[in-house]
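Structure assessment
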Amino acid sequence: METRVAVIAVIAEDYEAAGQINAVLHEYGEYIIGRMGLPYRHKGMYIISVAIDASQDKINTLAGRIGRISGVTAKTLYSGRQ
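Presented here is a report on the structure given in the accompanying data block. Each chain has its residues counted from 1, following the order in which its sequence is written. With pLDDT at 70 or above as the cut-off, local features in this predicted model cover only qualifying residues; side-chain atom pairs require 80 or more to be listed or tallied, and sums for whole chains, interfaces and linings still use all residues. Note that the side-chain values use all heavy atoms of the structure and ignore hydrogens as well as water.

Further remarks concern the overall build of the chain. For helices the rule is a DSSP run of H or I covering at least 4 residues; for strands it is a run of E covering at least 2, with both sets numbered from the N terminus onward. Secondary structure summary: the chain contains 2 helices and 4 strands in total. Listing the helices and strands of the chain from first to last along the sequence gives β-α-β-β-α-β. For the radius of gyration, the atoms used are the C-alpha atoms, and the globule rule reads 2.2 Å times the number of residues raised to 0.38. For 82 residues, the compact-globule estimate of 2.2 N^0.38 gives 12 Å, and the C-alpha radius of gyration of the chain, at 12 Å, lies within 12% of that figure. With the principal axes as the frame, the chain shows a C-alpha extent of 40 × 20 × 15 Å. A total of 82 residues make up the chain; the buried ones form 29% of that total. Note on definitions: a residue-residue contact is assigned when non-hydrogen atoms from the two residues lie within 4.5 Å. Once local pairs closer than 6 in sequence are excluded, the contacts in the chain between residues at least 24 apart make up 68%. Asp and Glu are treated as the negative residues and Lys and Arg as the positive ones, with His and the ends of the chain left uncounted. We put the charge of a Lys on NZ, of an Arg on CZ, of an Asp on CG and of a Glu on CD. The average position of the 9 basic charges and that of the 8 acidic charges among the side chains of the chain differ by 5 Å. A simple rule labels every residue: compare its accessible area, found with a 1.4 Å probe on the protein chains alone, to the largest value its type can have, and call it buried under 20%, exposed over 50%, or partly exposed in between.

In a regular helix each residue adds 1.5 Å, so 12 residues correspond to 16 Å; helix α2 (residues 56-67) covers 16 Å between its end C-alpha atoms and thus fits that length. Taken residue by residue, α2 has I59, L62, A63 and I66 as its buried positions. Down the axis, α2 shows its buried residues gathered within 95 degrees of arc, on one side only. Looking at the buried positions of α2, the neighbouring elements they touch are β1 (4-12), α1 (17-27), β3 (45-54) and β4 (72-78). Residue count minus one, scaled by 1.5 Å, sets the expected span of a helix. Think of the arc as the fan of directions from the helix axis to the C-beta atoms.

Once that is clear, we can look at the sheet that holds β1. The 4 strands lie next to each other as β2-β3-β1-β4, forming an open sheet whose pairing is antiparallel. Two strands close off the open sheet at either side, each with one partner strand: β2 (32-40) and β4. If you compare each strand with its neighbour and ignore which way they point, the axes differ by 15 degrees on average. Here, a strand pair is defined by DSSP locating no fewer than two bridges between the strands. Sheet topology note: the β1/β3 ladder contains 9 bridges and is antiparallel. Each bridged residue has a counterpart across the sheet, and for V7 the counterpart in β3 is A51. Across the sheet, α1 touches β1, β2, β3 and β4, and the angle it forms with β2 is around 175 degrees. Every axis in this analysis is a line fitted to C-alpha atoms, fitted for helices over the stretch in contact. Angles between the N-to-C directions lie between 0 and 180 degrees. Packing of α2 onto the sheet brings it into contact with β1, β3 and β4, and relative to β4 it is tilted by some 160 degrees.

By themselves these figures say nothing about function.
Shown next as structure tokens:
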């Protein structure tokens, strides 16, 4: 199976969404290279970046599931190489 490297940028504007985001990320743990979360208290939001190496279908599914959580936005950036 061919995989791609991507970064999923997540902005959560609802503190309660953190548990839901973590649950989804846990399901895809075998594909995650690393992740970094930054609380931005001044604006009351959390900024999370997730580096992943998986099939494009899995990456799209993960980003879509996270993006459907209330108060959360997710966008994906793919590497140029396949």
